[in-house]
Amino acid sequence: MPQVRRWVAAAVLAVGSSCPALAEEAPSFEKDVRPILRAYCLDCHGGEATKGKLDLRLKRFAEAGGTSGPALTAGDADGSYLLARIQDGEMPPGEKKVPAEQVAVIERWIAAGAPTLRPEPESLPPGLPITEEDRAHWAYQPLKKPTPPAVEGDGVRSPIDAFLAARLREKGLEFSPDADRRALIRRASFDLTGLPPTWEEVEAFVADPREDAYERLIDRLLASPRYGERWGRHWLDVAGYADSDGDNPNDTPRPYAYKYRDYVIRSFNDDRPLDRFIVEQLAGDELVDRKDGLSPEEVETLAATGFLRMVADGTTSGGDVPLASNQVVADTIKVVGSAFYGLTIACAQCHDHRYDPIPQEDYYRLRAVFEPALDPSHWRQPRGRLVSLYTDADRAKATAVDAEAAVLQKAVAEKTDRFIAEALTAELNKHPEPMRAPLREAFAAPADKRTDEQKALVANNPSLNITPGVLYQYNDKAAEELKKDNAAVAAKRAEKPVEDFVAVLDEAPGVRPETRVFHRGDHRQPTKPVTPGDLTIASPEGERYEVADAPADAPTTGRRLAFARRLTDGRHPLVARALANRFWMHHFGRGIVETPGDFGNLGVKPTHPELLDWLACTLVESGWSLKAFHRAVMTSTAYRQASLRDSRRDEVDPDAALLSRFPVRRLDAESLRDAVLAVAGPLDVTPFGPAVEVVEDGVGLINAMGDAPRRSVYLQVRRSRPISFLTTFDAPVMAVNCERRADATSAPQALMLMNGDFVLKHAEALAARVVAASPGDAPEALDARVAASWRAAYLRPPTPEESGMAREFVADRRAALERDPDAKDRDRAALADLCQQLFNSNEFLYVD
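What you see as residue numbers is a count from 1 along each chain, following the sequence as written. Thresholds applied to this predicted model are a pLDDT of at least 70 for local features of residues and 80 or more for the giving and counting of side-chain atom pairs; totals over whole chains, interfaces and linings are not thresholded and use all residues. Only hydrogens and water are removed before side-chain values are computed, so all heavy atoms of the structure are retained for them.

**Some words on the overall build of the protein**
Part 1 of the reasoning: The helix and strand inventory of the protein stands at 35 helices and eight strands.
Part 2 of the reasoning: When its C-alpha atoms are laid out on the principal axes, the protein stretches across 120 × 80 × 55 Å.
Part 3 of the reasoning: Relative accessibility decides the category of a residue: with a 1.4 Å probe and only protein chains considered, values under 20% of the type maximum give buried, values over 50% give exposed, and everything between is partly exposed. By residue count, 49% of the 848 residues in the protein fall in the buried class.
Part 4 of the reasoning: The criterion used for residue contact is that any of the two residues' heavy atoms lie within 4.5 Å. A separation of at least 24 residues holds for 70% of the contacts in the protein among residues at least 6 apart in sequence.
Part 5 of the reasoning: Of the roughly 38,400 Å² that the protein leaves accessible, carbon and sulfur atoms contribute 54%.
Part 6 of the reasoning: Just so you know, the count uses Lys and Arg for positive and Asp and Glu for negative, and it drops His and the chain ends. By convention, the charge on Lys lies at NZ, on Arg at CZ, on Asp at CG and on Glu at CD. Across the protein, the centroid of the 109 positively charged side chains sits 2 Å from that of the 132 negatively charged ones. Secondary structure elements are taken from DSSP: a helix is a run of H or I of four residues or more, a strand is a run of E of two residues or more, and numbering for both begins at the N terminus. In this description, accessible areas are obtained by the Shrake-Rupley approach with a 1.4 Å probe, and a residue is regarded as covered only by the protein chains that are shown.

Listed below in structure tokens is the structure:
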């Protein structure tokens, strides 16, 4: 061993011996060493291959060694070839090396005699087996509803509070006092609707003497149509919603994607049970019989399958369709994995997952569930996945209209021919009589049949080339008759029903493709076939769930429907946990598991695992009702408490992960834009329908066409043209999907608020409304304007100090504008500057 390595080893051992915890318990192969080898070594030495004939999946295999001899000598760290190669940086090859602290674990394990927790088997089947330690991970345990701890105290209103309070008391903390009613209604309104309450709503709630005033507030907000728009937007992040295909270079628009968005919003408003919501998105087409036409409910069920058509689809523009179509399948599986499993399943596409117990074969079993509908060998581009919504009545009406329009059009054509003939005769009569017949024959002859003499006659007499477009030059009265006739034809054709479509994911009839594992994830290198099924680790009892095909004469394979029902049977260990954690995250700004898309070994462990299980079980018991989930969470003390900080809480719970106070959060991008529109007026709350298109302005920013004041959820999500204001405030640009939004504070945000046309325009609109309500130059008018601006932005009156500062600010701005000869409407302009400051303030931008 090189001298430098001996020195490092000695230093590591010295540190280890000085730590009582390390000295007391030696690492074991199964619990401590195997996860390291799995992440860095088993891909080449035991997973897909055994390079150098070295298999490191078991301790005894390492002791047996490979072509270079034994890799492990128990009790002799210096003499173990495996450790030497790792310490020297020779293994693993490439840039990714084993971290020093993990190398130290391996060294301590070898020095302690390389212990195992149990006798090892004589042999292993190919691949990486799922071990007892893998199955012991918290996320794979069967769902069992825990009993809330017995915690006494005034702050405990619910089982949720009991779980949280027990942990707080372990840390010497307790809940903060309840927030005041103004803070509560603003918090709850933004949380459930993404909009601020009105001044009148705040005043009514503050003055409501009923003991259940808060509960009534929650019920009112849950019943608002705005609720589905807010919480639907959360789900659209998970789905990776976009109104364009993402194909280069066109980024082709998806004109019917909005129907999936509208389905999601309606589902949340209707409190559609989440098990049904999931089944419809994964297999809605398998629930609908299209033979006898489609009801509105069936159209919506088909639209639900848009969930599986949201990822970018590069096949729209052609190109390498096999590559692009396989990427669509891979991205779709990633969305399914993060949405319903909370796992990075996509990491098993090329090899066994390096950190989590997901064999590569399991990845392709999942792929086999979806491949009958997403089949690269029988690929259908997006335009081939549209279902017409024409009914039999629509077709009959269209046929009748076409027939009536044809009659009218024939009459117009005959009249046109007659008028042209009359005009031609009149023009020919202006020529000498001997020339009239040759000229008529020349113009009547087809262009490609004319003689040279006829061609010359046509070229030299352009006035005889009379067409419907120039008829008005010869007979203006006839042209006006014809114009009315053509308008009548157009009006008749307008009676024809417009053919609408819904974009769906469905299976090609009679096609049941064979799914094969791809070597290293390369679709050009298929290997052994696999059958459809769930992840092995998702079956706590150890028997993997296999998806059986429907009979051969069935209209579909039934795979996705069976799979969706498996996910939502209430016994799956991951689905309810993943959903409950995600919903909790949207209420508090962070999940009980801070990594909502990764419940695996690289994810953050839950802060309150028993609470997460209680929430997941309660969600299932409630009939998968999200609104019941909201009520349980939002009526808890944990949610109602104030957000004020103090030194003790900052020391023990600095980021409020234990919820010793309510976490202060900045408004997300859509809520901020919508709040500005709601305060400045008017916010267009028209629901549903095609997306508002986006355009690029003169300075390269992307905005809603015509600055349309629709809610942000209805603006077009164009991958190549993300809306500048929204992305500045961390709205995602959908590469695949968004598991959790960033919450950054950046210079562009300040610039957008200070200089952006959107904020400036709506500050002026708010000022104009306030000035119109309080006209005049008297001091009382300025006081009223300041107070009205404060109520609009902050939902409270200004303090005397704030009022004085605001009056002084407006007066200073008014005086400055007096010196500007080009300034107009100086009162409004001065107040607009104040309104802009209010929009820029933390009190407007944050919810406490």
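**Observations regarding the state of the cysteines**
Part 1 of the reasoning: Disulfides are defined as pairs of cysteine sulfur atoms found within 2.5 Å of each other. In the structure shown here, the tally under the stated rule is zero disulfides.
Part 2 of the reasoning: Cysteine cysteine 347 remains unbridged, with the sulfur of cysteine 350 as its closest cysteine sulfur at 9.3 Å.

**A look at the pattern of salt bridges**
Part 1 of the reasoning: What makes a salt bridge here is a side-chain nitrogen of Lys or Arg within 4 Å of a carboxyl oxygen of Asp or Glu, nothing more. Inspection of the entire model under this criterion finds 78 salt bridges.
Part 2 of the reasoning: A salt bridge links aspartate 134 to arginine 38, with the shortest nitrogen-to-oxygen separation between them at 3.9 Å. Taken together, the residues span a long stretch of sequence, with aspartate 134 in helix H7 (residues 132-135) and arginine 38 in helix H3 (residues 29-40) at a distance of 96 residues.
Part 3 of the reasoning: You can call aspartate 134 buried: its relative accessible area is 11%.
Part 4 of the reasoning: Accessibility expressed as a relative area gives 5% for arginine 38, which makes it buried.
Part 5 of the reasoning: The partner of arginine 741 in a salt bridge is aspartate 237, and the shortest N-O contact between them spans 2.6 Å.

**Focus: the nonpolar core**
If you look at soluble globular proteins, the nonpolar side chains tend to sit buried side by side.
Part 1 of the reasoning: Residues Trp235, Tyr260, Leu282, Phe307, Phe340, Tyr341 and Trp584 are the most contacted members of the largest nonpolar core, which totals 118 residues.
Part 2 of the reasoning: Looking at this core, the element that brings in the most residues is helix H16 (residues 321-341), giving nine residues.
Part 3 of the reasoning: Segmentation into domains, and thus their bounds, comes from an automatic or database assignment. Structurally, this core is a two-domain feature, drawing no fewer than three residues from each of domain 2 (273-389 + 505-573) and domain 4 (665-745). As used here, the term nonpolar core means buried Ala, Val, Leu, Ile, Met, Phe, Trp, Tyr and Cys residues forming a set that is joined through side-chain atoms within 4.5 Å.

**Quick word on the packing of helix H12 (residues 225-239) against helix H13 (residues 258-269)**
Part 1 of the reasoning: Fitting a line to C-alpha atoms yields each axis, with helices limited to the stretch in contact; the angle taken between N-to-C directions then spans 0 to 180 degrees. As a packed pair, H12 and H13 sit with axes 7 Å apart at the nearest point and diverge in direction by 125°. In terms of orientation, H12 and H13 fall into the oblique class. Remark: the crossing between H12 and H13 carries right-handed chirality. Listed contacts from H13 to Pro225, Tyr227, Gly228, Glu229, Trp231, Gly232, Trp235, Leu236 and Ala239 of H12 are Tyr260, Arg261, Val264, Ile265, Phe268 and Asn269.
Part 2 of the reasoning: Residues of the contact of H12 with H13, tallied by class, amount to ten nonpolar, three polar and two charged. What sets the label is the angle itself: under 35 degrees gives roughly parallel, over 145 gives roughly antiparallel, 65 to 115 gives roughly perpendicular, and the rest give oblique. By definition, turning the near helix anticlockwise from the far helix through less than a right angle yields a left-handed crossing, and turning it clockwise yields a right-handed one. In this count, Pro and Cys sit with the nonpolar residues alongside Ala, Val, Leu, Ile, Met, Phe, Trp and Tyr, while Asp, Glu, Lys and Arg are called charged and the others, Gly among them, polar.

**So, the confidence of the model for the protein**
Part 1 of the reasoning: Scored between 0 and 100, pLDDT is the confidence that the predictor attaches to each residue. For the protein, mean pLDDT is 93; residues scoring 70 or higher make up 97% of the total.
Part 2 of the reasoning: Ignoring residues within four places in sequence, the model shows residues 1-23, a span with pLDDT below 50, making 16 contacts including any to other chains.

**Let's talk about the packing of aromatic side chains**
Aromatic ring pairs are defined here through the distance separating the ring centres and the angle between the ring planes.
Part 1 of the reasoning: Centres within 6.5 Å are what make two rings of Phe, Tyr or Trp a pair, Trp counting through its six-membered ring; a difference in plane orientation under 30 degrees is then read as stacked, over 60 as edge-to-face, and the rest as tilted. In the structure shown here, the tally under the stated rule is 24 aromatic pairs.
Part 2 of the reasoning: On the numbers, 5.6 Å between centres and 35° between planes, the contact of phenylalanine 29 with tryptophan 109 is tilted. Of this pair, phenylalanine 29 sits in helix H3 while tryptophan 109 sits in helix H6 (residues 100-111), and the two are 80 residues apart along the sequence.
Part 3 of the reasoning: Since its relative accessible area comes to 2%, tryptophan 109 is described here as buried.
Part 4 of the reasoning: Three or more aromatic residues joined by ring pairs make a cluster, and in this case those are Trp235, Tyr260, Tyr263, Phe268, Phe277, Phe307 and Phe340.
Part 5 of the reasoning: Lysine and arginine charges are scored as sitting over a ring when NZ or CZ, respectively, is within 6 Å of the ring centre and within 35 degrees of the ring normal. When the ring centre of tyrosine 639 is taken as reference, the NZ or CZ atom of arginine 187 above it lies at 5.8 Å.

**What to know about the environment of threonine 607**
Part 1 of the reasoning: Relative to the elements of secondary structure, threonine 607 occurs in the loop between helix H23 (575-588) and helix H24 (609-621).
Part 2 of the reasoning: Looking at threonine 607, the relative accessible area reads 22%, which means it is partly exposed.
Part 3 of the reasoning: Sequence separation between threonine 607 and alanine 400 is 207 residues; the distance between their C-alpha atoms is 67 Å.
Part 4 of the reasoning: What qualifies as a polar contact is a pair of N or O atoms within 3.5 Å, subject to a donor-acceptor requirement within protein and to the restriction that residues adjacent in sequence count only when both atoms come from side chains. Looking at threonine 607, its side chain comes within polar contact range of the side chain of histidine 608, at 2.8 Å.

**Comments concerning the packing of H3 against H6**
Part 1 of the reasoning: Following both chains from N to C, one finds H3 and H6 inclined at 135°, their axes separated by 10 Å at the closest point. Here H6 runs oblique to H3, going by the angle between their axes. As for the relative orientation of H3 and H6, their crossing is left-handed in sense. Touching Phe29, Asp32, Val33, Ile36 and Tyr40 of H3 are Gln102, Val105, Ile106 and Trp109, all from H6.
Part 2 of the reasoning: Classifying every residue of the contact of H3 with H6 by side-chain character gives seven nonpolar, one polar and one charged.

**Thoughts on unusual backbone geometry**
Part 1 of the reasoning: Residue methionine 91 is joined to proline 92 through a cis peptide bond whose omega torsion reads -5°.
Part 2 of the reasoning: Between asparagine 248 and proline 249 the backbone carries a cis peptide bond, its omega angle lying at -5°.
Part 3 of the reasoning: Inspection of the secondary structure assignment puts proline 249 in the loop between H12 and H13.
Part 4 of the reasoning: Of note in the backbone geometry, alanine 656 takes a positive phi value of approximately 60° without being a glycine.
Part 5 of the reasoning: Mapped onto the fold, alanine 656 is located in the loop between helix H27 (647-652) and strand E5 (665-666).
Part 6 of the reasoning: The class of alanine 656 is buried, set by a relative accessible area of 2%.

**Some thoughts on helix H32 (residues 779-794)**
Part 1 of the reasoning: Here, expected helix span is obtained from the residue count minus one, scaled by 1.5 Å. For H32, with 16 residues, the first-to-last C-alpha span of 22 Å sits near the 22 Å given by 1.5 Å per residue.
Part 2 of the reasoning: Those residues of H32 that fall on the buried side of the exposure criterion are Ala781, Arg785, Val786, Ala787, Ala788, Ser789, Trp790, Ala793 and Tyr794.
Part 3 of the reasoning: Among the structural elements, helix H28 (669-680), helix H31 (757-773), helix H33 (800-818), helix H34 (826-840) and helix H35 (842-845) are those in contact with the buried residues of H32.

**Looking at helix H15 (residues 296-304)**
Part 1 of the reasoning: Those residues of H15 not exposed but buried are Val299, Glu300, Thr301, Leu302, Ala303 and Ala304.
Part 2 of the reasoning: Against H13, helix H14 (274-283) and strand E2 (501-503) lie the buried residues of H15.

**Things to note about the environment of tyrosine 263**
Part 1 of the reasoning: Note on placement: tyrosine 263 falls in helix H13.
Part 2 of the reasoning: Spatially, the C-alpha atoms of tyrosine 263 and glutamate 300 are 6.2 Å apart, while their sequence positions differ by 37 residues.
Part 3 of the reasoning: Residue contacts for tyrosine 263: discarding those within four places in its chain leaves Arg272, Phe277, Glu280, Gln281, Glu300 and Ala304.

**Remarks on the environment of proline 196**
Part 1 of the reasoning: Tracing the backbone through its elements, the reader meets proline 196 in the loop between helix H9 (181-193) and helix H10 (199-207).
Part 2 of the reasoning: Along the primary structure proline 196 and phenylalanine 29 are separated by 167 residues, whereas in three dimensions their C-alpha atoms are 56 Å apart.
Part 3 of the reasoning: Not counting residues within four places of it along the chain, the set of residues in contact with proline 196 comprises Ser189, Phe190, Ala675, Ala678, Val679 and Leu795.

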